[in-house]
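Close look at the chain arrangement
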Amino acid sequence: MAYAAPHALTRTRDMIDSYAEPVATLGDRLTAAREGAGLDIAAMADALGLRPETLEGWEVDQAEPTASLMGRIATVTGVSPVWLLTGQGAGPQDASAGAALRAELADLRRLLAEAAARVDRLEEALSHG
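Cut-offs and rules
Residues numbered from 1 in each chain as written. Predicted model: local features only at pLDDT ≥ 70, side-chain atom pairs only at ≥ 80, totals over all residues. Heavy atoms only, no water. Helix = DSSP H or I, 4+ residues; strand = E, 2+ residues; numbered from the N terminus. Polar contact = N/O pair within 3.5 Å; in protein donor to acceptor, adjacent residues only side chain to side chain. Contact = heavy atoms within 4.5 Å. Buried < 20%, exposed > 50% of the residue type's maximum accessible area, 1.4 Å probe, protein only. pLDDT = per-residue confidence, 0-100. Core = buried A, V, L, I, M, F, W, Y, C linked by side-chain atoms within 4.5 Å. Arc of directions from axis to C-beta. Axes fitted to C-alpha atoms, helices over the stretch in contact; angles between N-to-C directions. Parallel < 35°, antiparallel > 145°, perpendicular 65-115°, else oblique. Nonpolar A, V, L, I, M, F, W, Y, C, P; charged D, E, K, R; others polar. Salt bridge = Lys/Arg side-chain N within 4 Å of Asp/Glu carboxyl O.

By the naming in an unreviewed UniProt entry, the chain goes by Helix-turn-helix transcriptional regulator and is assigned to Paracoccus haeundaensis.

Another point: the side chain of E59. Structurally, E59 is set in helix α4 (residues 52-59). A distance of 3.1 Å separates the side chain of E59 from the side chain of T31, its partner in a polar contact. Beyond its immediate stretch of four places on either side in the chain, E59 contacts G27, D28, L30, T31, R34 and I41.

Phi at D61 takes a positive value of approximately 60°, unusual for a residue other than glycine. Structurally, D61 is set in the loop between α4 and α5 (67-77). Under the relative-accessibility criterion, D61 is labelled partly exposed at 39%.

With that settled, consider the confidence of the model for the chain. Detailed reading of predicted coordinates is not advised where the pLDDT is low. Per-chain confidence: the chain averages 81 in pLDDT, with 75% of residues scoring 70 or above. The least confident element of the chain, judged by mean pLDDT, is helix α1 (residues 7-17) at 45; the most confident is α4 at 96.

Turning our eyes to something else, we now look at the nonpolar core. L30, W58, I73, V79, W83 and L84 are the most contacted members of the largest nonpolar core, which totals 16 residues. The set of elements that each furnish at least two residues to this core consists of α2 (26-36), α3 (41-48), α4, α5 and α6 (81-86). Filtering out sequence-adjacent residues up to four positions away, W58 remains in contact with G27, L30, L50, A63, E64, P65, L69 and I73.

Turning to α5, its buried residues are L69, M70, I73, A74 and T77. End-on, the buried residues of α5 take up no more than an arc of 145°, which puts them together on one face. Within α5, the exposed residues directed more than 90 degrees away from the buried face are S68 and T75. Residues of α5 that are buried sit in contact with α2, α3, α4 and α6.

What describes two packed helices is the angle between their axes and the distance between those same axes. At a minimum axis separation of 7 Å, α2 and α4 run at an interaxial angle of 125°. Between α2 and α4, the angle is such that the two are oblique. Residue-level inspection shows G27, D28, L30, T31 and R34 of α2 in contact with α4, the latter providing L55, W58 and E59. A per-class count over the contact of α2 with α4 returns three nonpolar, two polar and three charged.

The tally for this structure, following the rule as stated, stands at five salt bridges. Of the charged contacts in the structure, one is a salt bridge between R34 and E59, with a shortest N-O distance of 2.6 Å. Within this pair, whereas R34 is found in helix α2, its partner E59 is found in helix α4, the two being separated by 25 residues in sequence. Residue classification places R34 among the buried positions, given a relative accessible area of 7%. Residue classification places E59 among the buried residues on the basis of a relative accessible area of 10%. Between R51 and E53 there is a salt bridge, with the nearest N and O atoms lying 3.4 Å from each other. Judged by relative accessible area, R51 falls into the exposed class, the value being 55%.

Below, the structure is given as structure tokens:
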């Protein structure tokens, strides 16, 4: 029986921590948040009431959003404002991490079903024994 690698979650956590300062810039985190929310630049700019060029400038670190816009960006993208600023805290959902967790859950359900079937067979054998 194969079990999911316990280091898979550590790798995911390490990838998410790579958005912490000084590794990633604010622009990097803005891009990751937008992409994590499944938005293209035009859709996010529209949601924020901005021109796409403004958002593009932020993502390449040519300028920075105001504090009030940071709160709106966090709301639109589903990340914490602290994560946007520092890379610490609740960042974007990593699709590969979700897939790994779903695969591990499916494997555990399969193992549980196999164990339940073995318990049933043993109980049956003992009751006729």
